[in-house]
Amino acid sequence: MPTEGATTATQPGAGASAPAPAPVTVAPAADAGLTPATAAIVLDGVGYAPPKHPPILSGIHWTVPTGRFHVLLGRSGCGKTTLLKLAAGLLVPSQGRVRVEGRALQGPAEGLGFVFQAPTLLDWLTALDNVLLPLSLRGDRDRGRDRALQLLDALGLGGLAGRYPRQLSGGQQARVAVARALVAAPRVLLLDEPFAALDALTREALQEDLAALCARDGISALLVTHDIAESVFLADRVALMSAGCIVEQVAVELPRPRPPGIRYDAAFNEHCRVLRAALDRTGSAR
Ligand SMILES: Nc1ncnc2c1ncn2[C@@H]1O[C@H](COP(=O)(O)OP(=O)(O)OP(=O)(O)O)[C@@H](O)[C@H]1O
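None of the values given here were measured: they were computed from a predicted structure. (Residues numbered from 1 in each chain as written. Predicted model: local features only at pLDDT ≥ 70, side-chain atom pairs only at ≥ 80, totals over all residues.)

J.: Quick question: what am I supposed to make of the UniProt feature "domain: ABC transporter" (unreviewed entry) in the protein here?
T.: The feature "domain: ABC transporter" (unreviewed entry), as given by UniProt, occupies residues 41–268 in the numbering adopted here. Annotated as 32% helix and 26% strand, the span residues 41–268 places its first and last C-alpha atoms 27 Å apart. (UniProt positions renumbered as here; feature names shortened; annotations may be inferred. Helix = DSSP H or I, 4+ residues; strand = E, 2+ residues; numbered from the N terminus.)

If you want it as structure tokens, here you go:
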């Protein structure tokens, strides 16, 4: 259902024989402030400027509803990582406020998982102990062992729990990093281009596993990426960032669960086309 003020985009020149995919909803940035009944993350008029530096972000109104998967898509340098750090409480906004699960952030948010651009595993710990690290740091290691093993299994690393990072491929290390972010059963997961360094096939497999785990556990997720197809495969809604602002939003109205083959469907490609056009409207990176 298009949001008020939204426009729709259809495929030009779609042939008479093949049914045209349903229109994709493109909403103006103003709709980013819509507040659903339950919100995982709310950014209310958020701006951020480092000390003695011009603003990186301004006027961000954005809500991630509970249990939904939202993606921030934008060119390099537009402010995506900065926004994610504000949502995690790792940076304090210069204007506005951030709320995670209804609580105003005063510092690093609790009960939240974070997956960084690089896996950042500790070389001297096994895959299992890397996954257990967040629990070990608070003295809960033993209680989490079964969950850690189950997560490694769900991510295809069942037989590799005893390996050290140097004995794992890049894709396997990325899987360990995802398991580590999930081990404490966060309700909210933030991901900063976690698969950017991986080859296309490994990346797609990880997207599928991530989508399945988030759906299984009802996790609210916010992922930052440059990758249009990754956005469409994972997201319920994509926000486009440009020069520190959210400029447009695209609702991804594809069924869930999304099988790997959906990437070849006309509707999937239509979403990619619309996002690409929206990204082109944002101009060049600054
Ligand atoms: N602490 C800082 N001090 C000054 N400038 C900063 C600081 N942190 C980030 N910036 C600048 O703010 C802008 C946004 O950075 P950010 O890392 O949020 O972008 P991004 O969209 O995540 O980029 P990428 O996709 O390349 O990771 C960049 O121009 C960056 O150089």
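J.: Explanation requested: the confidence of the model for the protein in the structure shown.
T.: When pLDDT is low, close inspection of the predicted coordinates is not appropriate. Within the protein, residue pLDDT values average 88, and 89% of them lie at 70 or more. Scored below 50 in pLDDT, residues 1–5 shows 9 contacts in the model against residues more than four places distant or in partner chains. Note that residues 10–15 has pLDDT below 50 and, in this model, 7 contacts with residues that lie over four places away or in other chains. (pLDDT = per-residue confidence, 0-100. Contact = placed C-beta atoms within 7 Å.)

J.: Whenever I open this one, the domain arrangement of the protein confuses me. Can you help?
T.: Note: interface size is frequently given as the accessible area lost on complex formation between the parts. Looking at the assigned domains, one finds that the protein contains domain 1 (23–111 + 188–281) and domain 2 (121–185). Placing the centre of domain 1 and that of domain 2 at their C-alpha centroids yields a distance of 25 Å. Taken together, the contact between domain 1 and domain 2 spans 10 residues of the former and 10 residues of the latter. Among the elements that take part in the side of domain 1 that touches domain 2, helix 5 (residues 200–217) stands out by supplying 5 residues, more than any other. Residues of the side of domain 1 that touches domain 2, tallied by class, amount to 8 nonpolar, 1 polar and 1 charged. (Domains from an automatic or database assignment. Nonpolar A, V, L, I, M, F, W, Y, C, P; charged D, E, K, R; others polar.)

J.: How do you make sense of the sheet that holds strand 3 (residues 39–48) when you look at a structure like this?
T.: The strands making up a sheet are joined through hydrogen bonds of the backbone, oriented either antiparallel or parallel. The strand order 4-3-6-7 describes an open sheet built from 4 strands, whose pairing is antiparallel. In this open sheet, the two strands that pair with only one neighbour each are strand 4 (57–65) and strand 7 (103–104). Looking at chain direction, strand 3 and strand 4 are connected through 6 bridges and run antiparallel. Within strand 4, the residue paired with tyrosine 48 across the bridge is leucine 57. Strand contacts of helix 1 (residues 80–88): strand 3, strand 4 and strand 6 (95–100), with the helix running at about 120° to strand 3, the strand carrying the most contacts. (Pairing = 2+ DSSP bridges. Axes fitted to C-alpha atoms, helices over the stretch in contact; angles between N-to-C directions.)

J.: Help me out: how do you make sense of the environment of asparagine 130 in this one?
T.: The residue asparagine 130 is located in helix 2 (residues 127–136) in this model. Placed 110 residues apart in sequence, asparagine 130 and leucine 240 show a C-alpha to C-alpha distance of 33 Å. With residues up to four places along the chain from it excluded, the contact list for asparagine 130 reads Leu121, Leu122, Leu125, Val176 and Arg180.

J.: Is there a simple way to think about the site of the ligand in this case?
T.: Every residue near the ligand is listed here: Pro50, His53, Ile56, Gly74, Ser76, Gly77, Cys78, Gly79, Lys80, Thr81, Thr82 and His226. Looking at which element gives the most residues to the shell around the ligand, the answer is helix 1, with 3 residues. Its residues assigned to classes, the shell around the ligand comprises 3 nonpolar, 8 polar and 1 charged. (Near = placed C-beta within 6 Å.)

J.: What am I meant to see in helix 5 here?
T.: Side chains that are three or four residues apart share a direction in an α-helix, a result of its 3.6 residues per turn. Its 18 residues give helix 5 an end-to-end C-alpha distance of 26 Å, which sits within 8% of 26 Å, the value for a rise of 1.5 Å per residue. In this fold, the buried residues of helix 5 make contact with strand 5 (69–74), helix 4 (170–182), strand 9 (188–192), strand 10 (220–225) and helix 6 (228–234). Glycine 218 occupies a position one or two residues after helix 5 and carries a positive phi of about 65°. (Expected span 1.5 Å × (residues − 1).)

J.: Explanation requested: unusual backbone geometry in the structure shown.
T.: The omega torsion of the bond from arginine 256 to proline 257 falls at -5°, within 30 degrees of zero and hence cis. Along the chain, proline 257 turns up in the loop between strand 12 (245–251) and helix 7 (266–281). Residues other than glycine seldom take positive phi values, yet alanine 185 does so here, at roughly 55°. The class for alanine 185 is exposed, based on 12 C-beta atoms found within 10 Å. Unlike most non-glycine residues, glutamate 193 shows phi in positive territory, near 45°. Its place among the elements puts glutamate 193 in the loop between strand 9 and helix 5. (Buried ≥ 20, exposed ≤ 12 C-beta atoms within 10 Å, placed from the backbone.)

J.: Looking at this structure, I do not really get the pairing of strand 8 (residues 112–115). What am I missing?
T.: Each regular strand shows side chains that alternate between the opposite faces of the sheet. Burial along strand 8 is two-sided: Leu112 and Phe114 facing one way and Gly113 and Val115 facing the other are all buried. Pairing between strand 8 and strand 9: 4 bridges, direction parallel. Paired with leucine 112 across the strands is valine 188, a residue of strand 9.

J.: Just checking my understanding: could you explain the environment of glycine 79 for this structure?
T.: Looking at the secondary structure, you find glycine 79 in the loop between strand 5 and helix 1. Among the residues examined, glycine 79 registers 24 C-beta atoms within 10 Å and is labelled buried. Taking the C-alpha atoms as reference points, glycine 79 and leucine 105, separated by 26 residues in sequence, lie 20 Å from one another. The contacts of glycine 79, once residues within four sequence positions are left out, are Ile56, Leu57, Met241 and Gly244.

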